[in-house]
Structure formats: C-alpha cells, structure tokens
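Chain and residue survey
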Amino acid sequence: MIADLHVHTRFSDGSYTARELVVEAKRKNLSHVAVVDHDTTAGLPIIASLAQRAGLGMIPGVEISAFDTRTSRKIHLLGYRLPLPAPHVEALCAPIRERRNARTREQVQALLEAGYPITLEEVEEIAADSFSPEELDVWEGVLFKQHVMELLVKKGAASRMYGDLYRVLFKDDGICAGDIEYVDLFEALAAIRADGGVAVLAHPGQQESFDLIPELVEAGLAGIEVFHPDHSPEDTARARALAEDFDLIEVGGTDDHGTFGSPRRLGEITAPEAGLDRLLSFDDDEVEWLVKTVRSAGDLARRATTDGIDPKLKAGDIRDLVTAHDMAVEGYLRDAIGSRHPDHTFLTEEDETLPESTAGPAWIIDPIDGTTNFVSAGTYFAVSVARWDGGEPVVGVVYDVMADECYVGIPNRGAFCNGVPLLPLERPLPLEASVIEVSSSTMRRLKRDFGVETKQIRKSFRAQRALGCASLGVIRVIRGTLDIYLSATISAWDHAAANIVLREVGGAAVVEIGDEETGERSHGEASTSPPWFRRDRGLFIAARDRATLDALLAHLFRSGRPPVTFL
Ligand code: IPD
Ligand code: CA
C-alpha cells in the first residue's frame with residue numbers, strides 16, 4: 001500500500017480539483033491519499049465518491065490553522081478519519097474561513113491601490129478555475145494568498161509564486177503582510193476528537209513545535225507527521241524518536257498543493273506502512289484479527305498464482321473447478337478460526353458437511369471465490385468469510401487478493417475498503433441506464449426456470465457484463481462501478497460476506513430460498529438459520545438500492561415473483 005497522507009486541493013489553497021486529484025493519485029499508483037485541506041471539509045464528500053469508483057482509498061481529513069497562545073506560535077494540526085460531515089471541526093473552522101476570505105479581499109484592495117493589475121473578480125476566477133459545477137456548489141469561495149500570487153504570476157508581475165515579490169508583499173512589513181486570527185490549538189484538538197477523528201501534529205520541524213508533544217499527548221494527540229518535505233534529516237529523526245517515546249502514529253506526505261506551491265509531486269513522500277495500518281485500524285481486536293487472518297489466507301492463494309495450478313473437475317463438470325489451493329486456503333481459515341473459537345460452526349464450500357445448527361456463532365467461507373479465474377487468469381478471485389451469531393450477521397470480509405483490497409462490512413458500523421469507510425450509494429438510475437452482471441448460464445436458467453426471455457435482459461440495460469467472481473461482482477456494485485449483480489447459480493458462500501458489506505452502503509439483495517409451501521426448488525434444510533445457509537445453488541440478485549431491485553424484479557418476473565427473500 002502506498003499512501004500520501006498530506007494533500008491539498010482547490011477547496012483550500014491547492015490547484016487540484018477533486019477529479020484531477022483522483023486521476024493523478026491513480027496514475028501514481030497510490031493506494032491511499034489523505035485530503036487535508038486547510039480549515040475545510042467541504043470537498044471531502046465529492047472527492048470520496050470519485051475515489052470510491054476509482055478504487056482509491058481517500059482518507060477524509062483536515063489541516064487546522066491553530067495557534068498556541070502561550071508561546072504565540074502558529075501550529076498546524078492534522079485531523080484524519082473524519083466522518084462526513086464532521087460537525088465539530090466544521091463549527092470550529094467556519095470562522096477561520098470567513099476571516100481568511102475577508103483578509104484576502106483586503107489584500108487585493110491594497111494591491112489594487114498600489115497599482116498592481118489585478119481585480120477581485122480575477123482572483124475569484126483563479127480560485128474557482130476548472131471546478132466542475134458540483135464542486136462549485138459546495139465550495140464556499142474561500143480566497144487564499146496563493147490565488148492572489150497565481151494571478152500576479154499570470155499577469156507577469158511576478159516570475160513565480162514564492163519568489164521575491166511574495167516576500168516583498170506578504171512578509172515583514174509588506175502591504176499584504178499580517179496573519180488572520182487562528183483558533184486555539186487545544187480547541188482544535190478537541191474538535192477533531194469530538195468528531196471521532198485522529199489528531200496528528202503537522203510538520204513539527206517546519207513550525208518548531210516538538211516541545212509541545214508531551215502536553216498535546218496528554219490532551220489526546222494520536223500521531224506525528226514524521227515525513228514532510230520541509231523536514232531535515234534531523235527533524236525526521238527527532239520526530240521518529242518522539243513517536244517511539246510517546247507511542248504516536250507516524251504519518252507523512254508531500255504537502256502537495258499542485259501548481260499552487262513549490263513543486264512536490266504527489267506520492268513522492270509517503271507514510272510508513274505501520275503508521276497507515278494504525279491510522280486505519282478498526283479499534284476492535286476481533287475485527288483486526290479476522291482481517292489479518294483473511295489477508296494471510298489470500299497471501300497463500302496469491303503465491304499460488306505463479307505455480308502451475310492443476311485444477312480438478314467437480315462432479316466431472318468442466319465449468320466447476322477445484323484446486324489444491326482451494327483446499328489449502330479453506331484448511332488454513334478453518335484452523336485459524338477454529339483454534340480461536342473452538343465451539344463455532346462452519347459452512348464452507350469445499351467441506352460437504354452441513355452444520356447441524358447455525359443458531360449460535362457460525363462462519364460461512366468460500367476459500368477462493370472465482371476458482372476458474374484463479375486457474376485461468378490468476379486474478380479476479382477473492383477470499384470470502386462471513387460470521388453470524390444467532391442468525392444475525394456480525395461481520396463480512398471479502399479480500400480481492402490480486403488488487404490487495406480488503407472489504408469489511410460490520411452491521412451498523414459501516415463498510416470499509418482497506419480500512420477506509422465507503423460511502424452510501426446515492427445515484428438512483430433507471431434500469432435502462434444500468435449495467436448488469438449476468439452470465440450466459442444464468443440467462444439460460446432464467447429462461448428455463450422462470451420463463452425470462454433473453455431479450456428482457458439484452459435489450460433492457462445499458463450493458464451486460466460477467467466477471468466470473470460473485471463476491472467481486474457485488475463489490476463492484478458497492479464501489480458504484482456496476483448497478484446490478486444477478487446470478488442463478490450461486491451458493492451461500494459466494495454472497496454471504498459481500499452482502500453484509502453491501503447492506504452497509506445501502507444496497508439491497510434477494511436470494512431464492514424455495515417455496516415453503518410446495519417445497520419446490522428448495523433443496524436444502526430450509527429450517528436452518530438464516531434460511532439460505534445451505535449448499536444448493538439458486539438465484540441471488542444484488543442491486544445498488546432497493547428501488548433498482550424492485551424495478552428489476554418487476555421487469556424480469558412479469559408473471560409473478562419467484563420465491564425470493566430480501567436479505
Ligand atoms: C463461482 C463464481 C462465479 C459464479 C459461480 C460460483 P467458485 O464461485 O462466483 O462467478 O457464477 O456460480 O460458483 O465456485 O469459483 O467459488
Ligand atoms: Ca470457491
């Protein structure tokens with residue numbers, strides 16, 4: 001994982017729009033970026049939703065312009081893992097933005113009076129330049145001195161942003177000099193914590209703030225920015241030593257402002273992996289342990305992709321494969337979970353036995369979902385593990401092994417990818433604008449078992465796709481890159497974990513459990529709990545929201561709904 005945890009955008013004094021940042025981070029192959037715009041969280045929802053579709057982990061953050069009143073120093077405080085919205089941080093920051101805006105307007109007026117060829121409208125244009133309409137909608141129009149300098153460079157009055165003219169105008173007794181009033185450092189820390197965020201001291205080497213650490217730790221500081229472009233090797237070493245002494249999370253990043261800053265390239269300074277892991281941890285030992293276990297199971301499968309894999313046919317079916325690796329991964333997971341939880345029960349794909357009862361804690365495991373992809377392509381397969389207690393879902397984990405993306409769903413706590421919260425899906429689409437995953441064998445079964453005509457599928461959606469891994473199909477719905485996943489050949493272990501994640505982003509799913517009255521198409525022990533804890537294959541449909549799912553059911557099953565249950 002590669003994470004740049006200090007990035008600014010146009011929502012404060014950076015030059016990236018939300019789109020530009022996401023595209024650039026993907027181009028640089030970053031797994032995570034933390035957006036920490038100065039004193040605002042306005043851009044975070046838009047950036048988060050673009051990042052979610054692009055498969056980028058965006059950690060919502062802020063950099064608060066604070067002040068230590070006792071020593072009269074400007075201190076920047078980073079807040080990571082903010083919720084969206086972050087009410088305490090916003091309440092604290094709104095007045096800073098107002099003061100900054102007012103101050104920049106005064107500066108523009110002073111420059112005008114001194115004969116510089118600029119107008120307020122032009123500065124506003126620079127600040128808003130290349131924002132999309134949806135970005136402009138949420139941007140409060142905060143102007144920074146960087147926008148003024150950018151205009152002066154454009155007009156030829158200055159050769160670069162932080163050159164001689166900048167110093168003449170904005171430093172010492174220059175006509176634009178003088179800071180706005182910042183907020184109290186300890187109030188800033190309290191606001192970040194009140195929102196459930198992680199407070200981190202920004203670039204202590206740049207602001208000579210090392211001495212504040214003990215007191216800040218007392219007040220709840222959790223981390224320190226160790227790696228920063230302004231840090232000398234001595235600063236970095238000092239920050240590391242303090243991190244160790246006070247058990248602080250070590251973070252780092254480029255402080256990239258795009259073209260509105262000295263050239264620092266996104267991703268050139270990154271956070272240490274251990275710091276990122278701590279920053280994104282669940283604060284829940286059981287979930288941490290499970291994620292680690294599923295990742296280790298995935299490591300086994302990943303290593304095997306370079307082996308000559310020798311698949312066997314299940315029941316002589318050339319389309320239903322099993323490999324020694326499916327068995328090994330399943331064995332690993334059963335052993336690991338079984339030794340931690342000796343009295344829990346299991347339903348796993350490669351072990352034919354059905355659990356006697358699933359009334360207590362029960363696990364449902366597909367060691368390799370997408371075995372055909374695993375064998376033929378060495379990618380697009382997942383490890384899928386779900387846990388229920390007394391018929392209620394507790395946690396679902398789907399690990400996309402080759403993408404190294406671990407999806408976790410915890411009922412009422414949310415959905416996460418590599419520790420980054422995923423947003424609810426909020427783009428209702430008509431069926432004809434939807435992309436649906438459905439395979440040719442599912443189309444055949446739909447016709448045979450439910451009388452659904454092929455053209456009801458081919459002609460009714462924008463496009464039809466098939467990836468060949470059910471859990472990752474559902475994950476695509478979760479990311480917002482697919483609208484509907486439909487399979488008629490699916491078993492409980494294929495969808496159990498993914499469905500727990502899906503529910504947490506507001507998605508909806510149905511599963512066919514047979515007609516209880518006639519018993520038709522109900523091949524399993526229908527009385528086990530939950531009822532679809534069975535080994536047989538059937539219908540499963542996941543959609544981005546309930547309305548889409550209802551519309552789809554009405555469209556497909558015109559002469560009556562098959563026996564489906566909403567999950
Ligand atoms: C299979 C995949 C596939 C679906 C099959 C599943 P497996 O899982 O998820 O996409 O169409 O029905 O059996 O057998 O490779 O674990
Ligand atoms: Ca499997």
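Bear in mind that the values here come from a model prediction, so they are computed numbers and not experimental data.

1. Some details on the domain arrangement of the protein
Partitioning the protein into structural domains gives domain 1 (3-280), domain 2 (285-421) and domain 3 (431-566). On a C-alpha basis, the centres of domain 1 and domain 2 stand 40 Å from each other. Summed over both sides, the interface of domain 1 with domain 2 buries roughly 440 Å², with 55% coming from carbon and sulfur. The interface formed by domain 1 and domain 2 includes zero salt bridges. On the surface where domain 1 and domain 2 come into contact, there are zero residue pairs in polar contact (both at pLDDT 80 or more). Per element, the largest residue contribution to the side of domain 1 that touches domain 2 is three residues, and it comes from strand 3 (residues 57-68).

2. Some words on the packing of aromatic side chains
Applying the stated criterion across every chain yields a total of nine aromatic pairs. For the ring pair F131 and W139, a centre distance of 5.7 Å and an interplane angle of 55 degrees mean the geometry is tilted. With respect to class, F131 is no different from W139; both count as buried. Ring plane angle 85 degrees and centroid distance 4.9 Å describe the contact between F282 and F416, whose orientation is recorded as edge-to-face. Remark: F416 occurs in strand 16 (residues 414-417) and F282 occurs in the loop between helix 12 (273-279) and helix 13 (285-304); sequence separation between them is 134 residues. Members of the aromatic cluster, connected to one another through ring pairs, are F11, F131 and W139.

3. A closer look at the confidence of the model for the protein
Per-residue confidence for the protein averages 92 on the pLDDT scale, and 96% of its residues sit at or above 70. Residue range residues 515-519 is modelled with pLDDT below 50. Its contacts to residues more than four positions away, or to other chains, number two contacts.

4. Thoughts on the pattern of salt bridges
In total, this model carries 33 salt bridges according to the counting rule given. The shortest N-O distance in the salt bridge between D164 and R167 comes to 2.7 Å. Placement of the pair is D164 and R167 together in helix 7 (residues 164-170), with a separation of three residues, close to one helical turn. A relative accessible area of 44% means that R167 is categorised as partly exposed. A single salt-bridge network, built from bridges that share partners, covers D68, R70, R73, D211 and E215.

5. A closer look at the sheet that holds strand 14 (residues 392-400)
Spatially, 11-12-13-14-15-16-17 is the arrangement adopted by the seven strands of the open sheet, whose pairing is mixed. Pairing within the sheet leaves two strands with one partner each, and these edge strands are strand 11 (345-348) and strand 17 (420-421). As paired strands, strand 11 and strand 12 (residues 362-369) are joined by four bridges and run parallel to one another. From the neighbouring strand, F346 faces strand 12, where its bridge partner is W363. Strands in contact with helix 13 are strand 12, strand 13 (382-389), strand 14 and strand 15 (405-410); relative to strand 14, the strand with the most contacts, it is inclined by about 35 degrees.

6. Things to note about the packing of helix 4 (residues 120-128) against helix 6 (residues 145-154)
The contact between helix 4 and helix 6 brings their axes to 9 Å, and the two run at 105 degrees. The orientation of helix 4 relative to helix 6 falls into the category roughly perpendicular. Residue-level inspection shows E122, V123, I126 and A127 of helix 4 in contact with helix 6, the latter providing H147, V148, E150, L151 and K154. Considering only residue class, the contact of helix 4 with helix 6 consists of five nonpolar, one polar and three charged.

7. So, the coordination of the calcium ion (ligand 2)
At 2.0 to 3.1 Å from the calcium ion (ligand 2) lie its protein donor atoms, namely E349 (OE), D366 (OD), D366 (OD) and I368 (O). When the donor residues of the calcium ion (ligand 2) are listed from N- to C-terminus, their spacing reads E-x16-D-x1-I. Of this pair, E349 sits in the loop between strand 11 and strand 12 while I368 sits in strand 12; the two residues are 19 residues apart in sequence, bridging distant segments of the chain. The class for E349 is buried, based on a relative accessible area of 11%.

8. Thoughts on the site of ligand 1
Residues in contact with ligand 1, as listed here, are E349, D366, I368, D369, G370, T371, G468, C469, A470, T489, D494 and R537. Contact between ligand 1 and I368: an oxygen atom at 3.1 Å from a main-chain N or O atom of the residue. Backbone polar atom of G370 to an oxygen atom of ligand 1: 2.8 Å apart, as the coordinates give it. Burial of ligand 1 by the protein amounts to 85% of the accessible area it has alone, namely 370 Å². Each residue belonging to the shell around ligand 1 can be placed in one class, and the counts come to three nonpolar, four polar and five charged. Here the shell around ligand 1 gathers at least three residues from each of two domains, domain 2 (285-421) and domain 3 (431-566).

9. Thoughts on the environment of R561
Following the sequence through the fold, R561 ends up in the loop between helix 20 (546-556) and strand 23 (564-566). Given the relative accessible area of 46%, R561 is considered partly exposed. Each residue touching R561, except ones within four places of it in the same chain, is listed here: D550, L553 and F566.

10. Things to note about helix 11 (residues 233-246)
Under the 1.5 Å per step criterion, the end-to-end length of helix 11 is 20 Å for 14 residues, consistent within 8% with the ideal 20 Å. Within helix 11, burial applies to D235, T236, A239, L242 and A243. Seen from one end, helix 11 has its buried residues packed into an arc of 130 degrees, which puts them on one side. Opposite the packed face of helix 11, turned more than 90 degrees from it, sit the exposed residues P233, E234, E244 and D245. Buried residues along helix 11 sit against helix 9 (204-207), helix 10 (213-218), strand 7 (223-227) and strand 8 (249-252). Of the residues trailing helix 11, D247 is marked for its positive phi of about 55 degrees.

11. Quick notes on the pairing of strand 14
For strand 14, the tally of buried residues reaches seven of nine residues, placing the bulk of the element in the interior. With eight bridges joining them, strand 13 and strand 14 adopt antiparallel strand pairing. In the sheet register, V383 faces strand 14, and the bridge partner there is Y399. Here strand 13 folds back onto strand 14 in antiparallel fashion, the turn holding two residues, of which G390 has a positive phi close to 55 degrees. Sheet analysis places strand 14 next to strand 15, joined by five bridges and oriented antiparallel.

Reading the values: rules and limits
Residues numbered from 1 in each chain as written. Chains lettered and ligands numbered in written order. Predicted model: local features only at pLDDT ≥ 70, side-chain atom pairs only at ≥ 80, totals over all residues. Heavy atoms only, no water. Domains from an automatic or database assignment. Buried area = accessible area lost by both parts, 1.4 Å probe. Salt bridge = Lys/Arg side-chain N within 4 Å of Asp/Glu carboxyl O. Polar contact = N/O pair within 3.5 Å; in protein donor to acceptor, adjacent residues only side chain to side chain. Helix = DSSP H or I, 4+ residues; strand = E, 2+ residues; numbered from the N terminus. Phe/Tyr/Trp six-rings, centres within 6.5 Å; stacked < 30°, edge-to-face > 60°. Buried < 20%, exposed > 50% of the residue type's maximum accessible area, 1.4 Å probe, protein only. pLDDT = per-residue confidence, 0-100. Contact = heavy atoms within 4.5 Å. Pairing = 2+ DSSP bridges. Axes fitted to C-alpha atoms, helices over the stretch in contact; angles between N-to-C directions. Parallel < 35°, antiparallel > 145°, perpendicular 65-115°, else oblique. Nonpolar A, V, L, I, M, F, W, Y, C, P; charged D, E, K, R; others polar. Donors = N, O, S within 2.8 Å, 3.2 Å for Na, K, Ca; no water. Near = heavy atom within 4 Å. Areas by Shrake-Rupley, 256 points an atom, 1.4 Å probe, with all protein chains shown as cover. Expected span 1.5 Å × (residues − 1). Arc of directions from axis to C-beta.

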